[in-house]
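Remarks on the overall topology
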Amino acid sequence: MEHDPVIELRNVTFAYDGAPAIERADLAIRPREFVAIVGPNGGGKSTLLKLMLGLLQPTCGSVRLLGGPPSAARRRVGYMPQHSQLDPRFPVTVMDVVLMGRLQGGLQFGPYGPADRRTAREALRDVGLEALRSRPIHALSGGQRQRTLIARALACEPEILMLDEPTANLDMQVEEQLYALLKELNRRLTVLLVSHDVGFVSQFVSRVICVNRTIQAHLTSDVTGEVIRGLYGHDVRMVHHGHPHGDEHRAGRHAHGHHHHHPGTE
Ligand code: ADP
Ligand code: MG
């Protein structure tokens, strides 16, 4: 059904070895939502995505993806894992990278067909890089590399896009452009975006899911100082400290959020 959730977690608990990384999570994502997943380092954000994709199996509870078991639907999801990077030493072009997104789903490695090339070009057009398709990846800017990775995730013609901290190491302007691109893609795709940056990202999304072992979903309009304090404790700036490459703008942004939401907690 059109309005059935595309992702559904029921009472999901997951532990790697010891204490649960995710505990009693209930969540439903509707078609064409644009959701930000936020929370402190180690809070379980990446684990949550892997549970949704069936890359991890819940210790208890159930996960459904696009109406069935996650393993059956994983190919219909474009996934950009955390720390995805293009190694500029590889002598490949933008198009080569995006074509790799066609390899999942049982396709054999080997000559790509015309349909693969057409879909890869469409993905490049979606991210505004079609003109650079023959360029070697070492000649791209940081933002263009991130767009190439997003195009690779789009090349499987997904219904859902899941991006795990895609803006790490980008400056604020490029980060903002990337969110604008995701908002555009959200016109036809469900988008889940893991971000450290609750104050900034909440301008772009309709819901914010806070993950810190347990999960709580909030409408963006309800993301108040109380919510943020509940999530990060009193030191919202630890979010910034998790970014070794954070710049002045980023620091200023968090500092602003901190003062705004927690007057007198310095
Ligand atoms: P986040 O993405 O929010 O930073 P993670 O989902 O990566 O959080 O991690 C959640 C918790 O699970 C952390 O305590 C982390 O140390 C632990 N963890 C993550 N991956 C593994 C793993 N492969 N083996 C054991 N523990 C893990
Ligand atoms: Mg993570």
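The rules we used
- Every chain's residues receive numbers from 1 upward, in the order its sequence appears when written.
- Ligands are numbered from 1 and chains lettered from A, in the order in which they are written.
- Residues qualify for local features only when their pLDDT is at least 70, as the model is predicted, and side-chain atom pairs are given and counted only at 80 or more; totals for whole chains, interfaces and linings, by contrast, use all residues.
- The side-chain figures draw on all heavy atoms in the structure; neither hydrogens nor water molecules are used.
- Only runs of H or I of at least four residues qualify as helices and only runs of E of at least two qualify as strands under DSSP, and these elements are numbered from the N terminus.
- Partly exposed residues are those whose accessible area sits between 20% and 50% of the maximum for their type, while under 20% is buried and over 50% is exposed, using a 1.4 Å probe and protein chains only.
- Residue contacts follow a heavy-atom distance rule, with two residues in contact if any of their heavy atoms lie within 4.5 Å.
- Accessible surface area values rest on a Shrake-Rupley calculation with a 1.4 Å probe, where residue burial reflects the displayed protein chains alone.
- Metal coordination here is assigned from N, O and S atoms located within 2.8 Å of the ion, or within 3.2 Å for Na, K and Ca; omission of water means that sites may look incomplete.
- Salt bridge, as used here, is a side-chain nitrogen of Lys or Arg placed within 4 Å of a carboxyl oxygen of Asp or Glu.
- Throughout, the term near means that a residue has one or more heavy atoms lying within 4 Å of the molecule or strand in question.
- Between N or O atoms, a polar contact is any pair within 3.5 Å; within protein, one atom must be a potential hydrogen donor and the other a potential acceptor, and residues adjacent in sequence are included only when both atoms are from side chains.
- Each residue receives one of three labels: charged for Asp, Glu, Lys and Arg, nonpolar for Ala, Val, Leu, Ile, Met, Phe, Trp, Tyr, Cys and Pro, and polar for the others, Gly being one of them.
- Side-chain atoms within 4.5 Å are what join buried Ala, Val, Leu, Ile, Met, Phe, Trp, Tyr and Cys residues into a set we call a nonpolar core.
- His is not counted here, nor are the chain ends, while Lys and Arg score as positive and Asp and Glu score as negative.
- Whether two strands pair comes down to DSSP finding at least two bridges between them.
- Axes here mean lines fitted to C-alpha atoms, for a helix over just the part in contact, with angles spanning 0 to 180 degrees between N-to-C directions.
- Ring geometry is summarised as follows: Phe, Tyr and Trp rings, the Trp one being its six-membered ring, pair when their centres sit within 6.5 Å, and such pairs are stacked at plane angles under 30 degrees, edge-to-face over 60 and tilted between the two.

What follows concerns the overall build of the protein chain. Per the secondary structure count, the protein chain includes 10 helices and nine strands. Looking at the 266 residues of the protein chain, the share that counts as buried comes to 48%. Considering only contacts in the protein chain between residues 6 or more positions apart, those separated by 24 or more positions represent 69%. A total of about 13,100 Å² of accessible surface is found on the protein chain, and carbon and sulfur atoms cover 50% of it.

Let us now look at the coordination of the magnesium ion (ligand 2). Ideal geometry at a metal centre: 109.5 degrees between donors when four sit tetrahedrally, and 90 or 180 degrees when six sit octahedrally. In the first shell of the magnesium ion (ligand 2), the protein supplies S46 (OG) and Q82 (OE1), at 2.1 to 2.2 Å from the metal. In this pair, S46 is assigned in helix α1 (residues 45-53) and Q82 in the loop between β5 (77-80) and α3 (94-100), connecting sequence segments 36 residues apart. The exposure class of S46 is buried, given its relative accessible area of 18%. A relative accessible area of 27% places Q82 in the partly exposed class.

With that settled, consider the pattern of salt bridges. Evaluation of the coordinates by the stated rule reveals 12 salt bridges. For R121, the salt bridge identified is with E130, shortest N-O distance 3.4 Å. Here E130 makes a salt bridge to R125, at a shortest N to O gap of 3.3 Å. Linked through salt bridges whose partners overlap, the residues forming this network are R30, E33 and R207.

Turning next to the site of ligand 1. As a matter of local geometry, ligand 1 sits amid Y16, A21, P40, N41, G42, G43, G44, K45, S46 and T47. Contact distances for ligand 1 include 3.5 Å between a nitrogen atom and a side-chain N or O atom of Y16. The contact in question runs from an oxygen atom of ligand 1 to an N or O atom on the side chain of K45, over 2.8 Å. Starting from 560 Å² of accessible surface for ligand 1 in isolation, the protein chains cover 57%. Residue contributions to the shell around ligand 1 peak at three residues, all from α1. When its residues are assigned to classes, the shell around ligand 1 shows three nonpolar, six polar and one charged.

A few words on the nonpolar core. Grouped burial of nonpolar side chains is what soluble globular proteins tend to show. Of all hydrophobic cores here, the largest spans 43 residues; its most connected members are V98, I150, L154, L161, L182 and L185. For L182, the residues in contact, after removing those within four places along its chain, are F34, I150, L161, L163, V191 and L193. Listed in part, the 30 residues of the second largest apolar core include L9, L48, A73 and V211.

Time to look at the side chain of K45. Along the chain, K45 turns up in helix α1. Of the side chains bearing the opposite charge, E165 lies closest to the buried K45, which forms no salt bridge; the N-O distance is 4.4 Å. Residues in contact with K45, not counting those within four places in the same chain, are I37, V38, G39, P40, E165, V194, S195, H196 and V211.

What follows covers the sheet that holds strand β6 (residues 160-164). The strand order β5-β6-β7-β3-β8-β9 describes an open sheet built from six strands, whose pairing is mixed. The two strands at the open ends of the sheet, each matched to only one other strand, are β5 and β9 (214-219). Pairs of neighbouring strands in the sheet enclose a mean axial angle of 15°, with direction left out of account. As defined by bridge partners, strand β8 (residues 207-212) adjoins β9 across six bridges and the pair is classed as antiparallel. Residue pairing for β9: V211 is matched across the bridge by I215. Taken strand by strand, α1 contacts β3 (34-38), β5, β6, β7 (190-194) and β8, and its axis lies near 150° from that of β6.

We now examine the sheet that holds strand β1 (residues 7-15). What the three strands build is an open sheet, ordered β2-β1-β4; its pairing is antiparallel. Each edge of the open sheet is held by one strand with a lone partner, namely β2 (20-29) and β4 (60-65). Sheet twist, expressed as the mean angle between neighbouring strand axes with direction ignored, is 20°. In the packing of α1 onto the sheet, the strands contacted are β1, β2 and β4, and the crossing angle to β1 comes to about 120°.

Once that is clear, we can look at α1. Burial analysis of α1 places eight of its nine residues in the buried class, which makes it a mostly covered element. All buried positions along α1 are accounted for by K45, S46, T47, L48, L49, L51, M52 and L53. Residue G54 follows α1 closely and has a positive phi angle near 75°.

Taken as a whole, this structure holds two aromatic pairs when the rule is applied. With a centroid separation of 4.7 Å and an interplanar angle of 90°, the aromatic rings of F14 and Y16 are classed as edge-to-face. Ring geometry for Y179 versus F204: centroids 5.2 Å apart, planes at 50°, classification tilted. In this pair, Y179 sits in helix α6 (residues 172-185) while F204 sits in the loop between α7 (198-201) and β8, placing the two residues 25 residues apart along the sequence.

Such coordinate-based values are descriptive only and should not be taken to indicate function.
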